[in-house]
Amino acid sequence: LEAPTSLIADTRAEFRRAALAHLDVALSAHGGRIVVDLSRTREIDASGLGVLVLLQKRAREAMVATRLRHVPAGVRQILALTRLDHLFEIED
């Protein structure tokens, strides 16, 4: 699942739909994890963080891990400042 360049209030709804659909596909295929590619994401706000947390929560309820891949330094810093980094597996 590829996140948009700006994961903000204006793009939240579309990304949320795509993320939950991706989760549904993973669950039906008995997948063990959801991977969100943040390599293009340069901007994230509270609503974008909220979508990531929602995805992680729903995945965790189904015993599926959520991995964030290619997290830019700025996004990684925001995840750390908000103490949300511990919710996700993060890989480069």
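That block above? That's the structure.
I will try to describe carefully the structure that is included in this document.

Thresholds, definitions, all that
Residues numbered from 1 in each chain as written. Predicted model: local features only at pLDDT ≥ 70, side-chain atom pairs only at ≥ 80, totals over all residues. Heavy atoms only, no water. Pairing = 2+ DSSP bridges. Helix = DSSP H or I, 4+ residues; strand = E, 2+ residues; numbered from the N terminus. Axes fitted to C-alpha atoms, helices over the stretch in contact; angles between N-to-C directions. Core = buried A, V, L, I, M, F, W, Y, C linked by side-chain atoms within 4.5 Å. Buried < 20%, exposed > 50% of the residue type's maximum accessible area, 1.4 Å probe, protein only. Contact = heavy atoms within 4.5 Å.

**Topic: the sheet that holds strand E2 (residues 33–37)**
Hydrogen bonds between backbone atoms are what pair the strands of a sheet, whose relative direction is either parallel or antiparallel.
Piece 1. The sheet built from three strands is open, its strands ordered E2-E4-E5 with parallel pairing. The outermost strands of the open sheet, each flanked by one partner alone, are E2 and strand E5 (89–91). Pairs of neighbouring strands in the sheet enclose a mean axial angle of 25°, with direction left out of account.

**Digging into the nonpolar core**
Piece 1. Ranked by internal contacts, the top residues of the largest apolar core, which has 22 residues, are Phe-15, Ile-34, Val-36, Leu-38, Leu-52, Leu-68 and Leu-79.
Piece 2. Only helix H1 (9–28), E2, helix H2 (46–61) and helix H3 (73–81) provide two or more residues apiece to this core.
Piece 3. By residue number, the principal contributor to this core is H2, which donates five residues.
Piece 4. Once residues within four sequence positions are removed from consideration, Leu-79 is found in contact with Leu-49, Leu-68, Val-71, Leu-84, Asp-85, Phe-88 and Ile-90.

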